[in-house]
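# Structural description and commentary
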Amino acid sequence: MLGLMQDQPLLISALMDHAERHHGTTELVSRRVEGDIHRYTYKDLAARSKQLANALDHAGLKQSDRVASIAWNGYRHMELYFGVSGSGRVMHTINPRMHPTQITWVMNHAEDQVVCFDTTFLPIVQAIHAKCPTVKHWVALCDADKLPSDSGVPGLLSYETWIGAESADYTWPTFDENLAAGLCYTSGTTGDPKGALYSHRSTVLHAYGAALPDTVGLSASDSVLPVVPMFHVNAWGIPYAAALSGCKLVFPGPAMDGKSIYELMEAERVTFAAGVPTIWQMLLSHVQNNNLHFSTLKRTIIGGSALPLSMQVAFEKDYGVTAVHAWSMTETSPLGTAAQLKNSQLGLPDEQKHQILNTQGRAVFGVDMKIVGDDGKDRPWDGKSFGDLWVRGPWVASAYFKREGSPLKTDEHGRKWFPTGDVATIDHDGFMRITDRSKDVIKSGGEWISSIDIENIAVSHPAVAIAACIGIPHPKWDERPIVVVVKKPGKEVTKEEILALYPGKLAKWQIPDDVVFVKEIPLGATGKIQKRKLREELKDYKLPEL
Ligand code: ADP
């Protein structure tokens, strides 16, 4: 017997309709490439998304055709999110930090038909447009008078002229909720980029999951600043969860430095923000160096790479801001886990609470997870046993776009899991802690050493800007860890001072053998440390004892 509830497909357009009807007067504020601050409402967003949908119809785009964006966080990007997917096309967000040859590769692989870009990225478009035969229209996200006259890009359109010619009279189509809605490629640190293809159903369910209080926790009373880019994994789903919850949105545009972010937070009375640790480090330094405080900011969600404990504690103790640590992946839409205390843990001493809150956290409903050994068998949830992290759920990838074969693994119960490539522990309360990417694991004397722990301790020194721990081959122990450090500008620290941070925090054999100071550590397109490249750069390095 079937239930007797209305059978409505979960579509992204329903989020827009909800925001328009129930939060129509709530503001979206954007710092623009043009340098000014732009403000409008969800009602305006809905109207312009519909104009865009009409423009796509008139450009002859069919259902599931791909439209690409190369853009900062801003209202026009938001219109693309809803106008493209809501009308049944696929929103392909491109990370401008990828190498132009990779951008060309993903555009050709996705067979993008329209590409909309912020004028900042005109040089990328100029370099690649001739190599992208599927693209029919290149659209600059600007007014006609800002359109570069001598761009060399044939038929270059101004977005404002393009959608300005269209009516806002449009009815979102209804279709199968499993239809593709968004496409995001992994950064391709190992081989060609791989495309995660989100559906309307997965996106809407993820928006519900993201809005929950133990995850991103959005409310109509919040003013939300997503610093995490809309060009990579949908800014952690915040654009959709924002429409669902009706919160005010504040977009930083291209200005991601500590000062610009702080000023925007204060001016727009931001209560909640989201970003990767490097961005929050810049914000924290700005606030510390200028003796400032946050008047309205209450919470941030930090993920993408490990949140250093020292930063988490500084936010809480010095500024009264809760920094929620989360774990995410392109293939998981991206939210997987977030660290918030359980009721039974509220009475624990502060230090213990911090240890729990510094893990990557508990699974949100919608993502099941487990850790397995090399034999594919479950490892115990004791907080100590390491294993490969596997996940499953309705917003976890089952395959990659236009790629043969399945990435999934099957367990002894016949259940399919996505192997994340991360190595983790899980404790008896279900708190997961990433220790490494599996390809970066350091094995010494048959035991695993967590590079993330070593890095976290190094960056707790006030003179350390960034630290990366890698394994160096050793004749007796297989590998020994060293920590590679970039100092903060104008600050000094010695090898001995850094090594002195470890005793008492790690077992003796886990303490790095050496500290190597460098000017720069290679970062990938999503801001993560490229350890393979770093190991190549240090291939002639010799451990002190050898
Ligand atoms: P990319 O496209 O560069 O792979 P993703 O955002 O998909 O970008 O990267 C996902 C990976 O980032 C995870 O598998 C994990 O290794 C790392 N990661 C994400 N969040 C965290 C976190 N909170 N702590 C440690 N590592 C993290």
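Everything that follows concerns the structure shown earlier in this document.
Only a predicted model underlies this, so the values are computations on that prediction, with no experimental measurement involved. (Residues numbered from 1 in each chain as written. Predicted model: local features only at pLDDT ≥ 70, side-chain atom pairs only at ≥ 80, totals over all residues. Heavy atoms only, no water.)

So, about the site of the ligand. Taken together, 17 residues sit near the ligand, with Ser187, Ala326, Thr330, Asp422 and Arg437 positioned nearest. Contacts to the ligand include His232, whose side-chain N or O atom sits 3.3 Å from an oxygen atom. For the ligand, whose free accessible area comes to 560 Å², the fraction covered by protein is 91%. No other element matches strand 14 (residues 322–328), which puts four residues into the shell around the ligand. When its residues are assigned to classes, the shell around the ligand shows four nonpolar, 10 polar and three charged. (Near = heavy atom within 4 Å. Polar contact = N/O pair within 3.5 Å; in protein donor to acceptor, adjacent residues only side chain to side chain. Areas by Shrake-Rupley, 256 points an atom, 1.4 Å probe, with all protein chains shown as cover. Helix = DSSP H or I, 4+ residues; strand = E, 2+ residues; numbered from the N terminus. Nonpolar A, V, L, I, M, F, W, Y, C, P; charged D, E, K, R; others polar.)

For the rest of this paragraph, the subject is the pattern of salt bridges. Between side chains of opposite charge, a pair can form as their charged atoms come close. Scanning all chains against the criterion turns up 26 salt bridges. Here Lys370 and Asp411 are joined by a salt bridge, their closest N and O atoms 3.0 Å apart. Here Lys370, found in strand 17 (residues 368–372), pairs with Asp411, found in the loop between strand 19 (409–410) and strand 20 (416–426); they are 41 residues apart in sequence, far enough to count as distant. For the pair shown, Lys370 and Asp411 are each scored as buried. We note a salt bridge from Asp513 to Arg480, for which the minimum N-O separation is 3.0 Å. Of this pair, Asp513 sits in the loop between helix 14 (495–499) and strand 26 (514–517) while Arg480 sits in strand 25 (residues 478–487), and the two are 33 residues apart along the sequence. (Salt bridge = Lys/Arg side-chain N within 4 Å of Asp/Glu carboxyl O. Buried < 20%, exposed > 50% of the residue type's maximum accessible area, 1.4 Å probe, protein only.)

Looking now at the sheet that holds strand 10 (residues 223–226). Taken together, nine strands build an open sheet; the order of strands is 2-1-11-10-12-13-14-15-16 and the sheet is mixed. Two strands lie at the open edges of the sheet, namely strand 2 (37–41) and strand 16 (362–363), each paired on one side alone. When strand 12 (residues 272–275) meets strand 13 (residues 299–302), the two strands line up parallel, connected through four bridges. The partner of Phe272 across the bridge, within strand 13, is Arg299. (Pairing = 2+ DSSP bridges.)

Now for helix 8 (residues 238–245). Since one α-helical turn is 3.6 residues long, residues separated by three or four positions face the same way. Most of helix 8 sits out of view: eight of its eight residues are buried. Of all the positions in helix 8, only Ile238, Pro239, Tyr240, Ala241, Ala242, Ala243, Leu244 and Ser245 are classed as buried. Looking one or two places after helix 8, you find Gly246, whose phi comes out positive at around 75°.

Let us look at the packing of aromatic side chains. For any pair of aromatic rings, the description rests on two quantities: the centre-to-centre distance and the angle between the ring planes. Under the criterion given, the structure shown has 11 aromatic pairs. Through pairs of rings, three or more aromatic residues link up here, namely Tyr262, Phe294, Phe315 and Tyr319. Just above the ring of Phe517 sits the side chain of Lys487; from NZ or CZ to the centre is 4.5 Å. (Phe/Tyr/Trp six-rings, centres within 6.5 Å; stacked < 30°, edge-to-face > 60°. Lys NZ or Arg CZ within 6 Å of the ring centre and 35° of its normal.)

One can find Gln340 in the loop between strand 15 (335–338) and helix 12 (350–357). Taking C-alpha positions, Gln340 is 7.6 Å from Arg362, a pair spaced 22 residues apart along the chain. When near neighbours in sequence (up to four residues on either side) are disregarded, Gln340 contacts Pro213, Asp214, Thr215, Val324, Leu357, Arg362 and Phe431. A distance of 3.3 Å separates the side chain of Gln340 from the backbone oxygen of Pro213, its partner in a polar contact. (Contact = heavy atoms within 4.5 Å.)

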